[in-house]
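Below are the chains, spelled out letter by letter.
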Amino acid sequence: MQKRNLTKQAICTAAIQLIESNGLEGLSMRKLASKLNVEAASLYNHIINKSELFDNIQEHLYSQISVNLSNKNWKDHLIELAQNTRQGLLQVPQVVLLFATRPTITSSSLKQAEATLNILIESGFKSSEVLSIYRNLHVFVLGHVLAEVGHIPGEKDNSHEPLFEKINIDRYPVLKKSASYQSNIDFEKGFELGLHCMMNGLEELLTK
């Protein structure tokens, strides 16, 4: 194979491309080395193992999520964080499962967490509450994104989803009427509604 100078950015970019093409389960160090046109030994000079590769992928993507850490308004900050994280993850739908199943403990994620927790504490939230608030926000975002892009592991699409048309929905009149509204299949509106409800709940928590 042709020798080339490897960078962690190039390795992460190639790994993400492999995941987007073959799914998370389709990523291997051997396939990655082949895509980069290098010997596996050369790759291991930069990435010790698959766990470190995952760390680097998460850091690479997390560092690209733009959030104004100087914004001290807790509500604006959380809304921007949630919206930008969702948009960033939607750009790499096959990689979302990695974030949903593996903690993101990188320099960029820790810097963001530290800034967010500090904003929440300065806004009056209790120190015992802020980490749960931060985690719950990310769980909400990840859950919503998974619903938007998710599919059965190993499947390329959602062709094996249960067909709603097979169900006699007339037996469920309230559900039938609610499902008739176009907004119910609009992920964007659903996300914003959930985010709005979360902010209202946090406002109430702040007054207690």
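Residues numbered from 1 in each chain as written. Predicted model: local features only at pLDDT ≥ 70, side-chain atom pairs only at ≥ 80, totals over all residues. Heavy atoms only, no water.

Peer 1: Would you take a moment to explain the packing of aromatic side chains for this structure?
Peer 2: The geometry of an aromatic ring pair is captured by the separation of the ring centres together with the interplanar angle, meaning the angle of the planes. In the structure shown here, the tally under the stated rule is two aromatic pairs. Each ring, one from Phe140 and one from Phe191, has its centre 5.2 Å from the other, and the planes form 25°; the classification is stacked. You can see Phe140 sitting in helix α8 (residues 127-149) and its partner Phe191 sitting in helix α10 (residues 187-206), a full 51 residues away along the chain. Judged on exposure class, the residue Phe140 and its partner Phe191 are both buried. It is Arg86 that lies over the ring of Phe191; its NZ or CZ is 5.0 Å from the centre. (Phe/Tyr/Trp six-rings, centres within 6.5 Å; stacked < 30°, edge-to-face > 60°. Helix = DSSP H or I, 4+ residues; strand = E, 2+ residues; numbered from the N terminus. Buried < 20%, exposed > 50% of the residue type's maximum accessible area, 1.4 Å probe, protein only. Lys NZ or Arg CZ within 6 Å of the ring centre and 35° of its normal.)

Peer 1: What exactly am I supposed to notice about the pattern of salt bridges here?
Peer 2: Oppositely charged side chains can pair when the atoms bearing their charge come close. What the rule picks out here adds up to five salt bridges. Across the salt bridge formed by Glu52 and Lys8, the nearest N and O atoms sit 4.0 Å from each other. You can see Glu52 sitting in helix α4 (residues 50-62) and its partner Lys8 sitting in helix α1 (residues 8-22), a full 44 residues away along the chain. Taking relative accessible area as the criterion, Glu52 reaches 19% and is therefore assigned buried. The partly exposed category is assigned to Lys8, whose relative accessible area is 41%. (Salt bridge = Lys/Arg side-chain N within 4 Å of Asp/Glu carboxyl O.)

Peer 1: Sorry if this is basic, but what is going on with the environment of Ser42 here?
Peer 2: You can see Ser42 is positioned in helix α3 (residues 40-44). Owing to a relative accessible area of 30%, Ser42 belongs among the partly exposed residues under this scheme.

Peer 1: What's the story with the packing of helix α7 (residues 107-122) against α8 in this structure? I'm lost.
Peer 2: Helix packing for two helices is described by the angle between their axes and how far apart those axes are. For the pair α7 and α8, interaxial distance at closest approach is 9 Å and the crossing angle is 125°. Looking at the two axes, α7 sits oblique to α8. By crossing handedness, the relation of α7 to α8 is classed as right-handed. When α7 is examined against α8, the residues Ser109, Gln112, Ala113, Thr116, Leu117, Leu120 and Ile121 are found in contact with a partner set consisting of Ser127, Val130, Leu131, Ile133, Tyr134 and His138. Residues belonging to the contact of α7 with α8 are distributed by class as follows: eight nonpolar, five polar and no charged. (Axes fitted to C-alpha atoms, helices over the stretch in contact; angles between N-to-C directions. Parallel < 35°, antiparallel > 145°, perpendicular 65-115°, else oblique. Left-handed = near helix turned anticlockwise from the far one by under 90°. Contact = heavy atoms within 4.5 Å. Nonpolar A, V, L, I, M, F, W, Y, C, P; charged D, E, K, R; others polar.)

Peer 1: What is the right way to look at the packing of helix α5 (residues 74-90) against α10 in this model?
Peer 2: Packing of α5 against α10 leaves a shortest axis separation of 11 Å and a crossing angle of 150°. Considered as vectors, α5 and α10 are oriented roughly antiparallel to each other. For the pair α5 and α10, the sense of crossing is right-handed. On α10, the residues touching Trp74, Lys75, Leu78, Ile79, Ala82, Gln83, Arg86 and Gln87 of α5 are Phe187, Glu188, Phe191, Glu192, Leu195, Met199, Leu202, Glu203 and Leu206.

None of this, on its own, says anything about what the molecule does.
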